[in-house]
Amino acid sequence: MFDKIVLASGNAGKLKEFSRLFADLNIEVLPQSQFDTPECPEPYHTFVENALAKARHAAKHSGLPALADDSGICTAALNGAPGVLSARYAGANPKSDAANNKRLSDDLADQADKSCHYVCVLVLVRHENDPQPIIAEGIWRGQWQAEAAGTHGFGYDPHFYLPEHNCTAAELDPEIKNAESHRGQALRELLKKIEAL
């Protein structure tokens, strides 16, 4: 077992979320910035390959076990797009949630099938060359809604409609969202796998 892991992300919100969850296992989560880790390229077409690359990169620079996630939204009508390009779907200069949401709304406007799902893949490596990374995946299904609604969440949440709740992810109570979301599902699976080591 280990008592410290590095989070392969510069996102303060993710660091806080993962720190709280791993505290129950007495595992301290450190930001990769503490080890002057440069940005990791994400050249792959799958969430799992990008997450694995980021985890190995952070482990290499820190010398510690590392956790990475790669997540995004996929639509049936667009063959899975935006997929791994979700954060920069409308371009990266600058990256903007509003621009990404507008582009996806435009791309889905003429499509009959508005089904979509969020994906989160978490990868934990014990060291840079770990031959058996711990991998967990969560999938959260919904429908694309053209009109934005709600103020919670970020990214595509204001357009991600959940029929069973009759609201978007951005209108959902944060505690319910954390329990049901793609990231919540993946985290529970990952924690189960770590506890079974």
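This is a predicted model, so every value here is computed, not measured.

Caption draft 1: Quick look at the sheet that holds strand S7 (residues 167-168). Taken together, the seven strands give an open sheet; going across it, the order is S2-S1-S3-S4-S5-S6-S7, and neighbouring strands pair in mixed fashion. Strands with a single pairing partner mark the edges of an open sheet, and in this sheet they are strand S2 (28-31) and S7. Sheet topology note: the strand S5 (residues 134-144)/strand S6 (residues 160-162) ladder contains two bridges and is antiparallel. Across the sheet, the residue bridging to Trp-144 is Phe-160, located in S6. Across the sheet, helix H2 (residues 47-62) is in contact with strand S1 (4-7), strand S3 (66-75), strand S4 (115-125) and S5; its angle to S3 comes to roughly 160°.

Caption draft 2: The UniProt feature "binding site: Mg(2+)" (unreviewed entry) in the protein chain, seen in detail. Per the UniProt record, "binding site: Mg(2+)" (unreviewed entry) is annotated on Asp-70. Among the structural elements, Asp-70 can be located in strand S3. Taking relative accessible area as the criterion, Asp-70 reaches 6% and is therefore assigned buried. Ignoring sequence-local partners within four residues, the contact set of Asp-70 consists of Glu-42, Thr-46, Phe-47, Asn-50, Ala-51, Lys-54, Val-84, Val-119, Cys-120 and Val-121.

Caption draft 3: Region of the structure containing the environment of Val-119. Inspection of the secondary structure assignment puts Val-119 in strand S4. A relative accessible area of 5% means that Val-119 is categorised as buried. The sequence separation of Val-119 and His-182 amounts to 63 residues, and the corresponding C-alpha distance is 5.7 Å. Not counting chain neighbours up to four residues away, the residues in contact with Val-119 comprise Phe-47, Asp-70, Ser-71, Gly-72, Cys-74, Glu-137, Gly-138 and His-182.

Caption draft 4: Just the packing of helix H1 (residues 12-23) against helix H5 (residues 182-195), in detail. At a closest axis distance of 12 Å, the pairing of H1 and H5 adopts a crossing angle of 40°. Considering the angle they form, H1 stands oblique to H5. As H1 runs across H5, the sense of the crossing is right-handed. Between H1 and H5, the residues in contact are Lys-14, Glu-17, Phe-18, Leu-21 and Phe-22 and Arg-183, Leu-187, Leu-190, Leu-191 and Ile-194, respectively.

Rules used throughout
- Residues numbered from 1 in each chain as written.
- Predicted model: local features only at pLDDT ≥ 70, side-chain atom pairs only at ≥ 80, totals over all residues.
- Heavy atoms only, no water.
- Pairing = 2+ DSSP bridges.
- Helix = DSSP H or I, 4+ residues; strand = E, 2+ residues; numbered from the N terminus.
- Contact = heavy atoms within 4.5 Å.
- Axes fitted to C-alpha atoms, helices over the stretch in contact; angles between N-to-C directions.
- UniProt positions renumbered as here; feature names shortened; annotations may be inferred.
- Buried < 20%, exposed > 50% of the residue type's maximum accessible area, 1.4 Å probe, protein only.
- Parallel < 35°, antiparallel > 145°, perpendicular 65-115°, else oblique.
- Left-handed = near helix turned anticlockwise from the far one by under 90°.

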